[in-house]
Amino acid sequence: MTESRAAFGADLHLELSAGRGLRAGLAEALREAARSGRLAPGTRLPSSRSLAADLGIARNTVAEAYAELVAEGWLTARQGSGTRVAERARPRRPGPGGAAAAAPPRHPVRRGPAYDLTAGSPDLGGFPRTAWLAAARRAVAAAPNEAFGYAADPRGRTELREALAGYLARARGVYADPGRIVLCAGFAHGLTLLAKVLRARRVREVAVEGYGLAVHRGLLERRGLRTVPLPVDAAGACTNRLPGLAAGAVLLTPAHQFPTGVALTPGRRAAAVDWARTTGGLVVEDDYDGEFRYDRQPVGALQGLDPDRVVYLGTASKSLAPGLRLGWMVVPAGLLDEVLAAKGPAEWASGVLDQLTLAEFIRSGAYDRHVRGMRQRYRRRRDELLAAVSGRVAVSGIAAGLHAVLDLPKGSEEGVLRAAAWHELALEPLSRHAHPDAGLPPREALVVGYGTPSPSAWAPSLAALVASLP
């Protein structure tokens, strides 16, 4: 086997047939590469001079092989464009018995709904591309050489942990020592690590909110932890019922309960912390959209009440984009070694360049500016949603976050969902997020994610929603 490097910077691997002349062997190797599809149509080949030098043969030999393949139609040669693989139909290979192999079956492309108002995603069109690229350039230019090696610290890059410690303390009221911050690839990854720790501690049950994400409940249950629901009312999860359970941990969304949108009241917050102190249990705080509040003062993190009993989890999924796969845990000192053991001896989940870029994005103030701008955008959308459905349905959970709950007239939910499907609008009923064992009173309602649509899709999405309502 021989490898050649083209003048234009591409590598070309050729296997010359043994027992044939150089020209014939080279021509056959190129022919087979084009026939098999390994060299795709339009691929530019090295110049005859470059290929000859790399193969250690005469330039005329390469030129003659190229000319032969041009004449056969396998290659094209144009002045200024070089020699390229021709745009020609690939012959079908004979199948068993000499019959032509059947073309692979073509599966129809499934088109999703034209409009999407499901909750859980930000406006991806709002990602700050220009500011992010500028932060990335600065971060890469300033990064030490060792940053580009294998990441030895399982907690993640120091630069990002330090930047997060300052931001979380300032914006969310979190007591965050950089040494106790563990970076992870989103909330699900962080919850997976905690599930491993809880299992190692012989915890068998985790209390969860009666309404919540099924994917998080499933993640815990697949790791051998039984989830026990807490009722949810206008004051949030009923944490005063924790002492009556056998749970060793509780998962809460205290700043903005998902999906009902209520905030956990001070009394319920105190009850959760008191339970953890008394029993040695663990409170897991999911602060998924804490930056976005509109009609109220920001609700600080529950972790501030007791940093030794509460694990704080946050991500960039709602504030920036879920595709970054960047999250963080602020871990109690007594739990840190166990979390790091569950994660492994090195950082493998999150890319170093994205960590460095986010650190610079926060330090430069670009993160705060972006969050303020998106907060204004989401507030306008929320107000437009309220105006559009006013007088038709009751709306709740609107003081913060990226979604609202629309309570429907009794007996109308099924018809609304059918109408939404007819209008090609994706909607979720509130009941979809109920724990199967919660025993919650029936409530016909929709969870509407007004942060999800792109700017161009927002108006038609809202119109489709209004047209679907009774």
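Residues numbered from 1 in each chain as written. Predicted model: local features only at pLDDT ≥ 70, side-chain atom pairs only at ≥ 80, totals over all residues. Heavy atoms only, no water.

*Asks:* Looking at this structure, how should I read the sheet that holds strand 16 (residues 403-407)?
*Replies:* Strand pairing in a sheet is mediated by backbone hydrogen bonds. Such pairs are either parallel or antiparallel. Taken in spatial order, the four strands make up an open sheet running 15-16-19-18, and their pairing is antiparallel. Of all strands in the sheet, those bounded by a partner on one side alone are strand 15 (394-396) and strand 18 (428-429). In the sheet, strand 15 pairs with strand 16 via three bridges, with the strands oriented antiparallel. If you follow Val395 over to strand 16, its bridge partner there is Leu406. (Pairing = 2+ DSSP bridges. Helix = DSSP H or I, 4+ residues; strand = E, 2+ residues; numbered from the N terminus.)

*Asks:* Whenever I open this one, the side chain of Ser350 confuses me. Can you help?
*Replies:* With respect to the secondary-structure elements, Ser350 resides in the loop between helix 9 (336-343) and helix 10 (352-363). Within the local environment of Ser350, its side chain forms a polar contact with the backbone oxygen of Cys184, the two atoms lying 3.4 Å apart. Beyond its immediate stretch of four places on either side in the chain, Ser350 contacts Cys184, Ala185, Arg325, Leu326 and Gln355. (Polar contact = N/O pair within 3.5 Å; in protein donor to acceptor, adjacent residues only side chain to side chain. Contact = heavy atoms within 4.5 Å.)

*Asks:* Looking at this model, I keep getting lost on unusual backbone geometry. Mind explaining?
*Replies:* Glycine aside, a negative phi is what most residues show, and trans is what most peptide bonds show. Cis geometry is adopted by the peptide bond preceding Pro259, which originates at Phe258 and carries an omega value of 10°. One non-glycine residue with positive phi stands out, namely Arg202, at about 65°. Examined against the element boundaries, Arg202 turns out to sit in the loop between helix 6 (187-200) and strand 7 (205-209). In this model, Glu424 sits at a positive phi of 60°, which is unusual for a non-glycine residue. Mapped onto the secondary structure, Glu424 falls in the loop between helix 12 (413-422) and strand 17 (425-426). The exposure class assigned to Glu424 is partly exposed, which follows from its relative accessible area of 32%. (Buried < 20%, exposed > 50% of the residue type's maximum accessible area, 1.4 Å probe, protein only.)

*Asks:* Can you walk me through the environment of Pro231 in this structure?
*Replies:* For Pro231, the position within the fold is in the loop between strand 8 (226-230) and strand 9 (232-233). On the basis of relative accessible area, Pro231 is assigned to the partly exposed category, the value being 23%. Residues Pro231 and Val208, spaced 23 residues apart in sequence, show a C-alpha to C-alpha distance of 9.1 Å. Beyond its immediate sequence surroundings of up to four residues, Pro231 is in contact with Gly236, Ala237, Cys238, Arg241 and Leu440.

*Asks:* Please explain the pairing of strand 16 as it appears in this structure.
*Replies:* Two faces belong to every sheet, and in a regular strand the side chains alternate between them. In terms of burial, strand 16 is largely enclosed, as four of its five residues are buried. In this structure, the hairpin formed by strand 15 and strand 16 is closed by a connection of six residues, where Gly397 is found at a positive phi of approximately 70°. Two strands pair when backbone bridges link them, and strand 16 and strand 19 (residues 445-449) are joined in this way by five bridges, in the antiparallel orientation. Directly across from Asp407, in strand 19, lies its bridge partner Ala445.

*Asks:* Honestly, the sheet that holds strand 13 (residues 310-315) in this entry has me stumped. Any pointers?
*Replies:* A sheet is described by the order of its strands in space; here seven strands give the open sequence 6-14-13-12-11-7-8, paired in mixed fashion. Bordering the open sheet on either side are strand 6 (181-184) and strand 8, each of which pairs with just one other strand. Neighbour-to-neighbour, the strand axes of this sheet turn through a mean angle of 20°, independent of strand direction. Of the strand pairs in this sheet, strand 7 and strand 8 are connected by five bridges, and their pairing is parallel. Across the sheet, Val206 pairs through a bridge with Thr227, a residue of strand 8. Taken strand by strand, helix 8 (residues 266-279) contacts strand 11 (249-252) and strand 12 (282-286), and its axis lies near 145° from that of strand 12. Along the sheet face, helix 9 touches strand 6 and strand 14 (327-330) and points at about 20° away from the line of strand 6. (Axes fitted to C-alpha atoms, helices over the stretch in contact; angles between N-to-C directions.)

None of the figures reported here should be taken as evidence of function without further support.
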